[in-house]
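Residues per chain, in single letters:
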Amino acid sequence: YVDDDTDCNDAMIGVNPGATEDCLTADDDDCDGTTNTPNAIACSTFYYDEDGDNYGIADSACLCAPEAPYQAQIDTDCDDSNVDINPGELENCSTPEDDNCNGDTNDEGASFCTYFYYDEDGDNYGLTQTSICVCTETGYYRAESPNDCDDTDQTVNPAQVEVCDPDDVDENCDGLADDATAIG
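Residues numbered from 1 in each chain as written. Predicted model: local features only at pLDDT ≥ 70, side-chain atom pairs only at ≥ 80, totals over all residues. Heavy atoms only, no water.

K.L.:
Would you take a moment to explain the packing of aromatic side chains for this structure?
P.N.:
Aromatic ring pairs are defined here through the distance separating the ring centres and the angle between the ring planes. Evaluation of the coordinates by the stated rule reveals three aromatic pairs. Aromatic pair Y118 and Y140: ring centres 5.5 Å apart, planes at 55°, arrangement tilted. Residue Y118 is located in strand β4 (residues 114-118), and its partner Y140 is located in the loop between β5 (127-134) and β6 (141-143); the two are separated by 22 residues in the primary sequence. Exposure remark for Y118: the relative accessible area of 22% places this residue in the partly exposed category. Taking the centre distance of 5.5 Å and the plane angle of 75° together, the rings of Y118 and Y141 count as edge-to-face. (Phe/Tyr/Trp six-rings, centres within 6.5 Å; stacked < 30°, edge-to-face > 60°. Helix = DSSP H or I, 4+ residues; strand = E, 2+ residues; numbered from the N terminus. Buried < 20%, exposed > 50% of the residue type's maximum accessible area, 1.4 Å probe, protein only.)

Below you can see the structure in the form of structure tokens.
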């Protein structure tokens, strides 16, 4: 017999207003009306996830189960107001944002990427076998056209006109030097 009538389950000794909530039980251990009391025994960290993409920001709560807006278990979202921007997304060249939160908007293999060929001589023709698919040119990967047969000489590329010369240079990269259509 007691003077306190706030016990919510008098049949269980571990359930009472003085008990600590425990995530490992299905009971309202502390009789506060919920089984998901923050900082309960065996709680898990859930991060604030406003956009619902399962990636949150650093603001967190230790809960027994996810509870909106604390529902993400990963805290690496760089824009929690946009469901299409998070570390699980593929970078997309058609958007100006860092879609996958890696700090770069020019990822190799991004959606809608363009193949840029290695172009050391800057003649807008690159080496066919050396290319990367990115959103914008980067470094020597700057030519959108392949088939340069001498990437050290700007005067040799597929756009040039073949010229008869004593060195037998294939100016237009067609595989033939000084052929019948060459000037001179």
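K.L.:
So what exactly am I meant to see when it comes to the sheet that holds β5 here?
P.N.:
Strand pairing in a sheet takes place through backbone hydrogen bonds and is either antiparallel or parallel in direction. Pairing is antiparallel across the open sheet formed by three strands, whose spatial order is β5-β4-β6. For this open sheet the edge positions go to β5 and β6, each flanked by a neighbour on one side alone. Adjacent strand axes in the sheet meet at a mean angle of 60°, parallel and antiparallel pairs treated alike. Relative to β6, β4 runs antiparallel, the two being bridged by two bridges. Within β6, the position partnered with Y117 by the bridge is A143. (Pairing = 2+ DSSP bridges. Axes fitted to C-alpha atoms, helices over the stretch in contact; angles between N-to-C directions.)

K.L.:
Would you mind showing me how to read the environment of D30 here?
P.N.:
By the secondary structure assignment, D30 is in the segment before β1 (44-48). Here the alpha-carbon distance between D30 and N9, two residues 21 residues apart in the chain, equals 10.0 Å. Excluding residues within four positions of it along the chain, D30 makes contact with N16, P17, A19, E21 and T37. (Contact = heavy atoms within 4.5 Å.)

K.L.:
Explain a nonpolar patch on the surface here, please?
P.N.:
Residues V161, V163 and I183 make up a contiguous nonpolar surface patch of roughly 250 Å² in combined accessible area. Take I183: it is sitting in the segment after β6. (Patch = residues over 30% accessible without salt bridge, like charges linked within 9 Å, V, L, I, M, F, W, Y side chains within 5 Å. Areas by Shrake-Rupley, 256 points an atom, 1.4 Å probe, with all protein chains shown as cover. Salt bridge = Lys/Arg side-chain N within 4 Å of Asp/Glu carboxyl O.)

K.L.:
Sorry if this is basic, but what is going on with the pairing of β1 here?
P.N.:
In this structure, β1 lies alongside strand β2 (residues 60-63), joined through four bridges in antiparallel fashion. Within β2, the residue paired with F46 across the bridge is A61. Across two bridges, the pairing between β1 and strand β3 (residues 70-72) is antiparallel. Considered in β3, the bridge of Y48 is made with Y70.

Taken by themselves, the reported measurements are silent on function.
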